[in-house]
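If you want the building blocks of each chain, they are given just below.
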Amino acid sequence: MHPIIFFSKMDFSQSNLFGYIEDLQELTIIERPVRRSLKTPEEIERLTVDEELSDIERAVYLLSSGQDIQGTSVVANLPALMRQNPAETLRRVLPKIREVLHVAGVEMQLTAAVSFLTVLQEESVSIHTYSHSFLHIILQNLEHRDAGVSNAWLETLLAVIEALPKETIRHEILNPLVSKAQLSQTLQSRLVSCKIMGKLANKFEAHIIKREILPLVKSLCQDVEYEVRTCMCRQLEHIAKGVGTELTKTVVLPELVELARDEGSSVRLAAFETLVNLLDMFDADDRSQTVLPLVKSFCEKSFKADESILVSLSFHLGKLCNGLYGIFTPEQHLRFLDFYKKLSTLGLQQENGHNDNQLQLQTLEQEKKYISVRKNCAYNFPAMIVFVDPKNFHLELYSIFFCLCHDPEVPVRYTMAISFYEVAKLLNSGVYTIHKELVTLLQDESLEVLDALVGHLPEILELMTNGGENSGSESKLLSIPDLIPALTTAEQRAATSLKWRTHEKLLQKYACLPHIIPSDQIYYRFLHRMLTIILTNNVLPVQKAAARTLCVYLRYNRKQEQRHEVIQKLIEQLGQGKSYWNRLRFLDTCEFIMELFSKSFFCKYFFLPVLELTHDPVANVRMKLCYLLPKVKSTLKIPTDKHLLQQLELCIRKLLCQEKDKDVLTIVKRTVLELDRMEISVDAEQLEKEKQQNEGRSTNINDKMFEKKRRDSKTSSVLAKSITLSVPGSSSSTSAGKEDKKSKLVRSQSFSTQALHPKYSNIDKCPNKSSATGYTSSVSGMGKSCMLSFSDDSFRAHSTGNSGNVAFPSSCSSRNLFNSADQKNNGNKESQSRKMSMCLWLLYGCFRVKGGLWLPVIARTSFWSHFIYLLSQRSERPQQQEKEHKMFGNRGPLHRTVSAHHSYFFPSPYKVI
């Protein structure tokens, strides 16, 4: 293709042509250095290292003949070499590093300081070995000509001092320090000595510090260089804590007083800050006679001659006022309070917080200084409330609080927003007085101020509405109309900005509103707004924060109409929304609902809508649903939610069979394994109720059976006589035969009237034991079916007890086959038909028994009534299944209940021995 040239926009004048040529020449000039910067073969050869060298050998080679950048890389890799082979590193690499550092540049020096500190922190070698190998190198480089390098090695040394033993410190550091702190040494050496002495004060006893360190301290406090005096003055705090109260009063305090009157402003500032930090170590006499006069002179000079101390004085004023509170007279108390008020409005024309015009034309540096002073006053405001007593807040400090909250500078308002919670806690009963300032900060134009206030917003709102004895219910209700618009305005301002983290934080904190605001106000002003954010906002963390806050609002909403409306909107607009993004947020919302609501609530409203997403056309939705399924299953209770359990299992089967996305299918399989390992919670109360119902039903059945036995007793006796007369071999009328038959009849009657086995006395207690019967029969015109299972002992007893030949066709083999088939497959139709045939063979065998032993048994009413009862169980098959589901649920691979293994068998109501 040919490029399209727009001739109408091109100018072919001579000047423009020369301009194009110059641009081309500039491009060629830019390319030339790139070509010249390429390495020559000689340079590449010099940078090449044999790959067969070990790490130690390569490090030694690069430190000996490599370039600076290669040597720096070796020094940076020193901690790794120490971890791999400390002995060889100390023997071969460290001496080379020591040689190179004498002539190394700044970059290698800084890298070495960091590497040495890393070796110490990782404890690659013992502290004795470290002090023997590394400490001398650190001390040699402390006085490097570059200040940055010297400070880096000093930081490493101060960290090493913490780990070194006292003897090593005394011989290797303290003794050389005496000569390094002399006036004849360089300024850098004396500065390093000051910082080292401050560190050593915590390592030795007081008498050693007094004898060996304090003389050096006094000498350095009177050094000719103000930098040294300033540095030593800042170390007096550490030295005072090391020597104790007595030496601090006799040695340190006089030095501080002298340094506070020093001609250098930085020295005076350091002395003032050290005095404030050491107030706890001074007694009342020292505070009133020494410290208080110094502080008063500082305050007087700060406005007149020495504005350099103003920022520091404003920063430490709260600590200073509370530290000297016990020795203030009422006049001094008011003087310091007025001084604080003056600092709080410094740089402002009026105390109303507006900065329309300034008192005088100020330079930019003065403005920055005044802003810092007012910011420090905002920082110290809680301390000043303690100083004046919270009861006097409205009279003494409310005007200053108003000015600071309305300050024109953001840093001042930001600091007030941070300390607002502390102020509210201190005011306690008077917290209602600062409600307007809370509204002001919530509506602040700067999101930084809002972000600072939101951190403790729930606690502040709780104090505003519930705190204080003077704030009655009427004042609480009156404060809400001002508060709600401020909260909505703050959220809208955060939503329209690009600072989504502030918006997320705000939405998370708004979850506290149900404890502050009535439910109707939340429903109309906040709840629908949260739903709108979920639907329209494009930032995922913000959407999740809004979803969780919406669930909290729904949790505390007690009006069913409003609840149902919100639930319906969630399902329709999120769960059934057109955008897959909304459906994903619906799953997030359901996760929050499972966290905040009861299990029954989720199952009632959200269980089925969640399962509908298994048919979602977007793979990401189905994938997220699979991750959520274990939590969904944990909400179920058996037997209450058995139908939901069936739906869950059906959805899993569909996913396994119909899912085409590989990633989703992998997650489904993993989820199935996790679901299989889960245990479903059991509703004990429901189980107990069903158990009682089953017991009552079994009692009614037994009553009916007893009534039926009584009615059929007369008919059964007639039937027994007729059967007895018709049996062959019964015509023998010998007396011995009659007595034998009589005895057998009595024994048979005792067998037939024997009590049921306790395990099977209540069939309704084990409803699943008869669940395998699934056939129909036309015995006696009943249209029902049953199964009988006699024990092995019954057959043995009767076959051996009778002199005649008992003909039971394949009774033992049929019984064994029946038992094994029943244990393997309870619902097998073949086994059911075999069991039915077994019952018929038993009846047939009873009629063929010689001597008529079984005839009286068959003739008894109880035998036929039990037999007919077992046949009638077929009609109760659906009720038995329902009992099974209520008791144990479906026995699929995904359902583990308390009794996970059940053997389905058919109990025998007769146990003939």
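Sequence positions are assigned chain by chain, starting from 1 and proceeding in written order. The predicted nature of this model means local features are confined to residues of pLDDT at least 70 and side-chain atom pairs, given and counted, to a pLDDT of 80 or more, with totals for whole chains, interfaces and linings taken over all residues. Side-chain measures were taken over the full set of non-hydrogen atoms in the model, leaving aside hydrogen atoms and water.

A. Spatial organisation of the overall build of the protein. Where helices and strands are cited, they refer to DSSP runs of H or I of at least four residues and of E of at least two residues respectively, numbered from the N terminus. What the protein contains, in helices and strands, is 46 helices and two strands. We call two residues in contact whenever any of their non-hydrogen atoms come within 4.5 Å of each other. Once local pairs closer than 6 in sequence are excluded, the contacts in the protein between residues at least 24 apart make up 72%.

B. View of the packing of aromatic side chains. Geometry of aromatic contacts follows a simple scheme: Phe, Tyr and Trp rings, the Trp one being its six-membered ring, pair when their centres are within 6.5 Å, and the pair is stacked under 30 degrees between planes, edge-to-face over 60, tilted otherwise. Per the stated rule, a full pass over the model turns up 22 aromatic pairs. For the ring pair phenylalanine 328 and phenylalanine 336, a centre distance of 4.7 Å and an interplane angle of 35 degrees mean the geometry is tilted. Here the two residues phenylalanine 328 and phenylalanine 336 agree in accessibility, since each one is buried. Taken together, the ring pairs connect Phe586, Phe597, Phe601, Phe602, Tyr605, Phe606 and Phe607 into an aromatic cluster. One residue, arginine 555, lies across the ring of tyrosine 556, its end atom 5.9 Å from the ring centre. We count a charge as sitting over a ring when the NZ of a lysine or the CZ of an arginine lies within 6 Å of the ring centre and within 35 degrees of the ring normal. Over the ring of tryptophan 581 we find arginine 585, and its NZ or CZ is 4.5 Å from the ring centre. The classification of residues rests on relative accessible area computed with a 1.4 Å probe and restricted to protein chains. Under 20% of the type maximum is buried, over 50% is exposed, and intermediate values are partly exposed.

C. Layout of the state of the cysteines. Note on terminology: pairs of cysteine sulfur atoms within 2.5 Å are recorded as disulfides. Per the stated rule, a full pass over the model turns up zero disulfides. In this structure cysteine 194 is not part of a disulfide, and its nearest cysteine sulfur, from cysteine 231, lies 4.6 Å away. For the unlinked cysteine cysteine 299, the closest cysteine sulfur is that of cysteine 321, found at 7.8 Å. Classification of cysteine 299 as buried rests on a relative accessible area of 11%.

D. Representation of the environment of leucine 214. Within the secondary structure layout, leucine 214 lies in helix α13 (residues 206-221). In this structure, the C-alpha to C-alpha distance between leucine 214 and valine 243, residues 29 residues apart in sequence, is 9.3 Å.

E. Structural detail: the packing of helix α12 (residues 187-200) against α13. One way to put it is that α12 packs onto α13 with a least axis distance of 11 Å and a crossing angle of 140 degrees. Between α12 and α13, the angle falls in the class oblique. Between α12 and α13 lies a crossing whose hand is left-handed. Note on element contacts: α13 touches α12 through Ile213, Leu216, Val217 and Leu220, opposite Arg190, Cys194, Met197 and Leu200. Working convention: axes come from line fits to C-alpha atoms, limited for helices to the stretch in contact. Angles between N-to-C directions cover 0 to 180 degrees. We call two directions roughly parallel when the angle between them is under 35 degrees, roughly antiparallel when it is over 145, roughly perpendicular when it lies between 65 and 115, and oblique otherwise. Handedness of a helix crossing follows the sense of rotation of the near helix relative to the far helix, less than a right angle counterclockwise being left-handed and clockwise being right-handed.

F. Local environment of the pattern of salt bridges. The salt bridge criterion pairs a side-chain nitrogen of Lys or Arg with a carboxyl oxygen of Asp or Glu, the two atoms within 4 Å. On inspection of all chains with the given rule, the structure shows 29 salt bridges. Between lysine 166 and glutamate 205 there is a salt bridge, with the nearest N and O atoms lying 2.9 Å from each other. Residue lysine 166 is found in helix α11 (residues 166-180), and its partner glutamate 205 is found in the loop between α12 and α13; the two are separated by 39 residues along the sequence. Taking the relative accessible area as the measure of exposure, lysine 166 reaches 40% and is therefore partly exposed. Note that glutamate 591 and lysine 631 form a salt bridge whose closest N and O atoms lie 2.5 Å from each other. Of this pair, glutamate 591 sits in helix α33 (residues 580-596) while lysine 631 sits in helix α36 (residues 619-633), placing them 40 residues apart in sequence. Counted as one network, the salt bridges with shared partners bring together Arg170, Arg211 and Glu212.

G. Quick peek at the environment of alanine 417. By the secondary structure assignment, alanine 417 is in helix α24 (residues 410-427). On a C-alpha basis, the gap between alanine 417 and glutamate 437 in space is 9.7 Å, while along the polypeptide they are 20 residues apart. Setting aside residues no more than four positions away along its own chain, alanine 417 makes contact with Leu441, Val449, Ala452 and Leu453.

H. Main features of the packing of helix α17 (residues 284-304) against helix α18 (residues 310-323). The interhelical angle for the contact between α17 and α18, taken along N-to-C directions, is 145 degrees, at an axis separation of 11 Å. Seen along the crossing, α17 lies across α18 with a hand that is left-handed. Across the interface between the two elements, Arg287, Val295, Phe298, Cys299, Ser302 and Phe303 of α17 pack against Leu310, Leu313, Leu320 and Gly323 of α18. Split by residue class, the contact of α17 with α18 holds seven nonpolar, two polar and one charged. Here the term charged refers only to Asp, Glu, Lys and Arg, the term nonpolar to Ala, Val, Leu, Ile, Met, Phe, Trp, Tyr, Cys and Pro, and the term polar to all other amino acids, Gly among them.

I. Structural detail: the nonpolar core. With 218 residues, the main nonpolar core has Ile196, Leu200, Phe381, Ile434, Tyr510, Leu513 and Phe606 as its most contacted residues. Not counting residues up to four positions away in its chain, the partners in contact with phenylalanine 606 are Ile567, Leu570, Ile571, Phe586, Cys590, Ile593 and Phe601. By convention a nonpolar core is built from buried Ala, Val, Leu, Ile, Met, Phe, Trp, Tyr and Cys residues, the set being connected through side-chain atoms within 4.5 Å.

J. Looking closely at the side chain of glutamine 109. Examined against the element boundaries, glutamine 109 turns out to sit in helix α7 (residues 106-122). Not counting chain neighbours up to four residues away, the residues in contact with glutamine 109 comprise Leu101, Ala104, Asn141, His144, Val149 and Trp153.

K. Representation of unusual backbone geometry within the structure. With omega at 5 degrees, the peptide bond leading from isoleucine 638 into proline 639 counts as cis. With respect to the secondary-structure elements, proline 639 resides in the loop between β1 (637-638) and α37 (642-658). Phi is positive for asparagine 428, close to 55 degrees, though the residue is something other than glycine. Structurally, the position occupied by asparagine 428 is in the loop between α24 and α25 (435-442). A relative accessible area of 48% means that asparagine 428 is categorised as partly exposed.

L. Representation of helix α38 (residues 662-677) within the structure. The end-to-end C-alpha distance of α38 is 23 Å, a good match for the 22 Å that 16 residues give at a rise of 1.5 Å each. By the burial criterion, the buried members of α38 are Val664, Ile667, Val668, Thr671, Val672 and Leu675. With its buried residues spanning 150 degrees around the axis, α38 presents them on a single face. Opposite the buried face of α38, by more than 90 degrees, sit the exposed residues Lys662, Asp663, Leu673 and Arg677. Those residues of α38 that are buried lie in contact with α36 and α37. Definition of a polar contact: a pair of N or O atoms within 3.5 Å, with one able to donate and the other able to accept a hydrogen when the atoms are protein atoms, and with sequence-neighbouring residues admitted only if both atoms are side-chain atoms. Capping of α38 at its N-terminal end is provided by aspartate 661; its side-chain oxygen lies 3.1 Å from the backbone amide nitrogen of aspartate 663. A helix's residues, less one, multiplied by 1.5 Å, set its expected span. Regarding the arc, it is the one traced by the directions from the helix axis to the C-beta atoms.

M. Looking closely at the side chain of arginine 585. Along the polypeptide, arginine 585 turns up in helix α33. At 2.8 Å, the side chain of arginine 585 and the side chain of aspartate 588 are in polar contact. Setting aside its immediate chain neighbours within four residues, arginine 585 contacts Ile534, Leu540 and Gln543.

N. Just the confidence of the model for the protein, in detail. Averaged over every residue, the pLDDT of the protein is 77; the share at 70 or more is 67%. The pLDDT score gives, residue by residue, the confidence of the prediction method on a 0 to 100 scale. For residues 1-18, every residue scores under 50 in pLDDT, and the model assigns this stretch four contacts once sequence neighbours within four places are set aside. Taken together, the stretch residues 718-829 has pLDDT below 50 and engages in 177 contacts with residues farther than four places along the chain or on a different chain.

O. Summary view of α17. Compared with the 30 Å implied by 1.5 Å per residue over 21 residues, the 29 Å span of α17 between its first and last C-alpha is a close match. At valine 291, α17 shows its maximal kink, close to 40 degrees; a proline, proline 293, follows between one and four residues later. Along α17, the residues classified as buried are Asp286, Val291, Leu292, Leu294, Val295, Phe298, Cys299 and Ser302. Contact partners of the buried residues in α17: α15 (245-260), α16 (265-277), α18 and α19 (330-344). Across the chain, bend at a residue is computed as the angle between axes fitted to the seven residues ending at that point and the seven starting from it.

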